[in-house]
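So the chains spell out like this:
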Amino acid sequence: MTITTTGSPAPARTRTRPRRGTRARGRALRTLGLYALAVLVGLGVWQLVAMKYGPSLVASPGQTFAAAGELAADGTLANSVIASSRRILIGWGLGVLVGAPVGLLIGQIRVVRQLLEPYIEFFRFIPPVAFVTLAVVWLGIGESSKVVLIFYTAVFIVTLNTSAGVMAVNESKLRAAASLGASRRQVLQRIVLPSTVPYILTGARLAMGNSFLTIVSAEIVASQVGLGSLIWTSRNYGRIDWVFVGIITLGILGLVYDRILRLIAMRVLHKYGARV
């Protein structure tokens, strides 16, 4: 006896899920759209403020863009950007290179912390602007005075963030490593340093922002080229539109450098938990 069944089996349900790449592109487009909207709103508010107060106090977006083209045509804007960028990157880089190891030593070795802490706590409360005159007198009006001032700005921020990261390492991890026979160097390389990388990165980003604050003061006092010098010279000539160009260029430059630092950190230091 044979049994025959009629009808076809029910088809399996298939779910259509958007691909990960499609969703990522959608998020990117939405973010780009929000950025564009924010810029347009900002330009609109800027235009309204300029219309209210007049060109003698607030340059409009059109006047600022025209002034930027004028400064770019004769090379003034490019030379200013290059000069300020060189000073910032050298001083900031030296501050990170010195501040990170010093912070590791302070966080790891109590004697070093007790020796250096009074000086760090004293000098970090003195703004770099206070040393502008002394830097010019001691180092002259060349590049050294500006680089040293930016180094002074960056080194304490990186040192404090790094030492805070070292002292925030979980004690249980250190004890477990020591009980397994790890040497002090191995503990530093395998546990302390990876846990401290996010703090070092945060300190580096904060130091970059403060370096832009310092460069303007340093270039105003003793420099013939640079964004700070451009802003001061524009003020002397009564060119408010040039002043706006210098200020906006500083903001764009800082945004670009911070983005580059974040991209490098995400590519190189993501395995250490660096999220920016």
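Description of the structure in this document. Keep in mind that this is a model prediction, so the values were computed, not measured.

**A few points about the overall build of the protein chain**
So, point 1. Regarding its fold elements, the protein chain presents 10 helices and 0 strands.
So, point 2. Starting at the N terminus, the α and β elements of the protein chain follow one another as α-α-α-α-α-α-α-α-α-α.
So, point 3. Sorting the 276 residues of the protein chain into buried and exposed places 36% on the buried side.
So, point 4. Across the protein chain, contacts joining residues at least 24 apart in sequence account for 75% of those joining residues at least 6 apart.
So, point 5. Per element, the accessible surface of the protein chain, about 17700 Å² overall, is 65% carbon and sulfur.

**What about the packing of helix α7 (residues 171–179) against helix α8 (residues 184–221)?**
So, point 1. Direction vectors running N to C along α7 and α8 enclose 150 degrees, while the axes themselves pass 11 Å from each other. In this view, α7 runs roughly antiparallel relative to α8, as classed from their interaxial angle. Crossing hand, α7 versus α8: right-handed. Here Lys173, Leu174 and Ala177 of α7 come into contact with α8, specifically with Val187, Ile191 and Val192.
So, point 2. Among the residues making up the contact of α7 with α8, the classes are represented as 5 nonpolar, no polar and 1 charged.

**What about the nonpolar core?**
Soluble globular proteins tend to bury their nonpolar side chains together.
So, point 1. Formed by 31 residues in total, the largest nonpolar core has its most connected members in Trp92 and Phe212.
So, point 2. At the level of secondary structure, the elements contributing two or more residues to this core comprise α2 (61–73), α3 (76–108), α6 (143–167), α8, α9 (227–237) and α10 (240–268).
So, point 3. Setting aside anything within four residues of it in sequence, one finds phenylalanine 212 in contact with Ile88, Leu250, Leu253, Gly254 and Tyr257.

**Focus on the side chain of threonine 214**
So, point 1. Along the chain, threonine 214 falls in helix α8.
So, point 2. Take threonine 214: its relative accessible area is 6%, and that puts it in the buried class.
So, point 3. Contacts of threonine 214, omitting those with residues within four sequence positions, involve Pro128, Leu149, Ile150 and Thr153.

**Quick notes on the side chain of serine 145**
So, point 1. Note that serine 145 resides in helix α6.
So, point 2. Sequence-distant contacts of serine 145, defined by excluding residues within four places in its chain, comprise Ala135, Val136, Leu139 and Gly140.

**Some points on the packing of helix α4 (residues 110–123) against α6**
So, point 1. The interhelical angle for the contact between α4 and α6, taken along N-to-C directions, is 135 degrees, at an axis separation of 11 Å. Viewed along their axes, α4 and α6 adopt a mutual orientation that is oblique. The handedness of the crossing between α4 and α6 comes out as left-handed. Across the interface between the two elements, Arg113, Ile120, Glu121 and Phe123 of α4 pack against Tyr152, Phe156, Thr159, Leu160 and Met167 of α6.
So, point 2. By residue class, the composition of the contact of α4 with α6 is 6 nonpolar, 1 polar and 2 charged.

So, how was this worked out
- Residues numbered from 1 in each chain as written.
- Predicted model: local features only at pLDDT ≥ 70, side-chain atom pairs only at ≥ 80, totals over all residues.
- Heavy atoms only, no water.
- Helix = DSSP H or I, 4+ residues; strand = E, 2+ residues; numbered from the N terminus.
- Buried < 20%, exposed > 50% of the residue type's maximum accessible area, 1.4 Å probe, protein only.
- Contact = heavy atoms within 4.5 Å.
- Areas by Shrake-Rupley, 256 points an atom, 1.4 Å probe, with all protein chains shown as cover.
- Axes fitted to C-alpha atoms, helices over the stretch in contact; angles between N-to-C directions.
- Parallel < 35°, antiparallel > 145°, perpendicular 65-115°, else oblique.
- Left-handed = near helix turned anticlockwise from the far one by under 90°.
- Nonpolar A, V, L, I, M, F, W, Y, C, P; charged D, E, K, R; others polar.
- Core = buried A, V, L, I, M, F, W, Y, C linked by side-chain atoms within 4.5 Å.

Interpretation in functional terms is not warranted from these geometric data alone.
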